Amino acid sequence: MPAPTDPQQTSVRAAGMLLVCLNPKRQFLLLRHPQRWDLPKGHCDENEPFRETAIRETEEETGIRRAAIQIDENFVFELTYPVTYRRTGTKVYRKTVRYYLGYLDSIPPLTLTEHEGFQWFDWNPPHNIQAQSIDPLLLAVENHWHDQNP
């Protein structure tokens, strides 16, 4: 992708959250789009910090209150990749997404607002769900846990 001439117009910022429930066994939440699995995530509002976006989008898309989520202060995973949007034609944007790791004490009821379904997956690496984003994120989490508790 050529270097952008105006980073303000060609950059997009987004953030999301990997939610992990540790009880009774380690499981993580994925939301269902028509053709793929995804995490709760969305675009940052103007001047909104990535972390606040991740919390806001998680609450909006799942109904899980921010007070129920314990965020791992030692984990952030970032991806940057080119994207296009139907509403802007062929214009290519440089999208940066930061993912945070949130823990839940138990699996809460969900209220989905933007997805057709969800599933709690058992933590059983290696995962082969989505090679561009979810699989590298899950590997980074696994490595983080290993580094925290060798």
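Below is a short write-up of the structure. (Residues numbered from 1 in each chain as written. Predicted model: local features only at pLDDT ≥ 70, side-chain atom pairs only at ≥ 80, totals over all residues. Heavy atoms only, no water.)

As for unusual backbone geometry
Link 1 in the chain: The step from Asn23 to Pro24 runs through a cis peptide bond, and the omega angle for that step is 0°.
Link 2 in the chain: The topology assignment puts Pro24 in the loop between β1 (11-21) and β2 (27-32).
Link 3 in the chain: Between Pro125 and the following residue, Pro126, the backbone shows a cis peptide bond with an omega angle of 0°.
Link 4 in the chain: Mapping Pro126 onto the fold places it in the loop between β7 (117-122) and α3 (134-148).
Link 5 in the chain: Even without glycine at this site, Asn47 takes up a positive phi of about 65°. (Helix = DSSP H or I, 4+ residues; strand = E, 2+ residues; numbered from the N terminus.)

A closer look at the pattern of salt bridges
Link 1 in the chain: For the coordinates displayed, the defined rule picks out 12 salt bridges.
Link 2 in the chain: Ionic pairing is found between Asp38 and Arg36, a salt bridge with its closest N-O pair at 2.8 Å.
Link 3 in the chain: Arg98 is paired through a salt bridge with Glu78; the nearest N and O atoms lie 2.5 Å apart. Of the two residues, Arg98 sits in strand β6 (residues 93-104) while Glu78 sits in strand β5 (residues 70-83), which places them 20 residues apart along the sequence.
Link 4 in the chain: Note on Arg98: relative accessible area 28%, which makes it partly exposed.
Link 5 in the chain: Overlapping salt bridges, with partners in common, bring together Asp45, Glu48, Arg56, Glu57 and Glu60 in one network. (Salt bridge = Lys/Arg side-chain N within 4 Å of Asp/Glu carboxyl O. Buried < 20%, exposed > 50% of the residue type's maximum accessible area, 1.4 Å probe, protein only.)

Some remarks on the pairing of β1
Link 1 in the chain: Among the 11 residues of β1, nine are classified as buried, and the element is accordingly described as predominantly covered.
Link 2 in the chain: Note that β1 and β6 share 11 bridges and pair parallel. The partner of Ala14 across the bridge, within β6, is Val97.
Link 3 in the chain: Pairing geometry for β1 and strand β4 (residues 41-43), over three bridges, is antiparallel. Its bridge partner being in β4, Ala15 is matched across the sheet by Gly42.
Link 4 in the chain: Summarising the sheet, β1 and β2 pair through two bridges and their orientation is antiparallel. Across the sheet, residue Val20 finds its bridge partner in β2, namely Phe28. (Pairing = 2+ DSSP bridges.)

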